[in-house]
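Understanding the architecture of this molecule
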Amino acid sequence: MPFTDLTQLVDRVKERPSRRLAVAGSDNAETLLAVAQAHEENIAEALLFGDVEATRRSADEAGVDLTPFELVEAPAKQAAERAADAVASGQADALMKGGVSTRAFLKAVLAEDNRLRTGRLLSHVMIAEIPAYHKLLLLSD
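These numbers were taken from a predicted model, which means no experiment stands behind them.

Across four bridges, strand 2 (residues 44–50) lies against strand 3 (residues 70–73) in parallel orientation. Each bridged residue has a counterpart across the sheet, and for Leu48 the counterpart in strand 3 is Leu71. Note on the crossover from strand 2 through helix 3 (residues 52–62) to strand 3: the handedness is right-handed.

Below is the structure:
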């Protein structure tokens, strides 16, 4: 049976063990709010890669407590690379795009030397909840 709203999807994810995210570009409020919500729901922990001082300022502005998270100083040009390395080395389970450009993020994902490449198809999927539609909509490249 298809999920009809995001709450059902989140409830299903909660049935599984919490994962550790490597967040590339942690210095924006939207990213921090998402990570904080995932933590509050016991869905994920996070390693935050980015400008630590800018991350702290964004957290203060958004009202996000950074205490549960590990902050890793990484200049903007290196945040995606360092986060991808954390996944490749087993320090994190999944990679999350934060406030880095899509170009920098995908470059880090596709780098031949980071061990994330499997030789299989890479695809992007977005999940949208549209009130006028009866189930979740998945959009892919």
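One non-glycine residue, Asn42, adopts positive backbone phi at about 60 degrees. With respect to the helices and strands, Asn42 occurs in the loop between helix 2 (29–40) and strand 2. A residue is classified by how much of its surface remains accessible, and Asn42, at 55% relative accessible area, is exposed.

Another aspect to go through is the sheet that holds strand 3. Spatially, four strands are ordered 3-2-1-4 in an open sheet, and the strand pairing comes out parallel. Since the sheet does not close on itself, it has two edges, and those belong to strand 3 and strand 4 (94–97), each with one partner. Strand-to-strand twist of the sheet, defined as the mean angle between neighbouring strand axes without regard to direction, takes the value 25 degrees. Across six bridges, the pairing between strand 1 (residues 19–24) and strand 2 is parallel. Following the sheet pairing, Arg20 is matched in strand 2 by Glu45. Helix-sheet contacts for helix 5 (residues 102–110) involve strand 1 and strand 4, and the interaxial angle to strand 4 is about 165 degrees.

Inspection of the secondary structure puts Ser58 in helix 3. In this structure Ser58 comes out as buried when scored by relative accessible area, which is 11%. Only 3.0 Å separates the side chain of Ser58 from the backbone oxygen of Asp27, close enough to count as a polar contact. When residues no more than four places from it in sequence are discounted, the contact partners of Ser58 are Asp27, Asn28, Ala29 and Leu32.

Mapped onto the elements, Ser26 comes out in the loop between strand 1 and helix 2. The class for Ser26 is buried, based on a relative accessible area of 1%. At 2.8 Å, the side chain of Ser26 forms a polar contact with the side chain of Thr55. Excluding anything up to four places from it in sequence, Ser26 contacts Leu32, Leu48, Phe49, Gly50 and Thr55.

Calculation notes
- Residues numbered from 1 in each chain as written.
- Predicted model: local features only at pLDDT ≥ 70, side-chain atom pairs only at ≥ 80, totals over all residues.
- Heavy atoms only, no water.
- Pairing = 2+ DSSP bridges.
- Helix = DSSP H or I, 4+ residues; strand = E, 2+ residues; numbered from the N terminus.
- Right-handed = clockwise from strand over helix to strand, strands pointing away.
- Buried < 20%, exposed > 50% of the residue type's maximum accessible area, 1.4 Å probe, protein only.
- Axes fitted to C-alpha atoms, helices over the stretch in contact; angles between N-to-C directions.
- Contact = heavy atoms within 4.5 Å.
- Polar contact = N/O pair within 3.5 Å; in protein donor to acceptor, adjacent residues only side chain to side chain.

Everything listed here is a matter of geometry and, on its own, says nothing about what the molecule does.
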